Amino acid sequence: MNKSNRRKFIGTAAALSVGTIATAMPLATMKKKYPVIHQVFFWLKNPGSKEDRDKLVAGVKSLSKIPMVREIHVGIVASTEKRDVVDNSWGVSELMFFSDLEGQQAYQTHPIHLEFIKNYSHLWEKVIVYDIMEA
């Protein structure tokens, strides 16, 4: 390999390594900063209603205004392969990250959260919550 090609190869390899590390860092950083995770699944009363689903999605997104919520991800069921281990019976989910258990506890009684329950609970039939602490 001549010097020019070797330099290009080393430069490309270095750039790819830095890019790979940079994309992995946010997840590692989030785990260290926000060790408490609050995962919620909502089953809609009218599962065929895109309008109800979209209203609930908007409502869940409004919870991001609560100061203790460090990160929030709102989702709907993905059209992935049907397998025995995949539960796609729910309609909307939220994944929230908190800095500590106290923040998660304060979130439960925060006025925005209580208003969300009051204004949107008529849209869901069932809710399941998984609170997770980093191991």
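Residues numbered from 1 in each chain as written. Predicted model: local features only at pLDDT ≥ 70, side-chain atom pairs only at ≥ 80, totals over all residues. Heavy atoms only, no water.

So what about the environment of Leu 44? Which residues, and what values?
In this fold, Leu 44 is placed in strand E1 (residues 36-44). Apart from the residues within four sequence positions on either side, Leu 44 is in contact with Asp 52, Arg 53, Leu 56, Leu 123, Trp 124 and Glu 125. (Helix = DSSP H or I, 4+ residues; strand = E, 2+ residues; numbered from the N terminus. Contact = heavy atoms within 4.5 Å.)

Would you mind going over the pattern of salt bridges in detail, with residue names and values included?
Throughout the structure, instances matching the rule amount to three salt bridges. Two residues, Lys 50 and Asp 54, come together in a salt bridge whose shortest N-O distance is 2.9 Å. Within this pair, Lys 50 and its partner Asp 54 are both found in helix H2 (residues 50-62), separated by four residues, close to a single helical turn. Judged by its relative accessible area of 53%, Lys 50 falls in the exposed class. The exposure class of Asp 54 is partly exposed, given its relative accessible area of 34%. Here Arg 53 makes a salt bridge to Asp 54, at a shortest N to O gap of 3.2 Å. For Arg 53, a relative accessible area of 23% corresponds to the partly exposed category. Each of the salt bridges in this network shares a partner with another, and the network as a whole consists of Lys 50, Arg 53 and Asp 54. (Salt bridge = Lys/Arg side-chain N within 4 Å of Asp/Glu carboxyl O. Buried < 20%, exposed > 50% of the residue type's maximum accessible area, 1.4 Å probe, protein only.)

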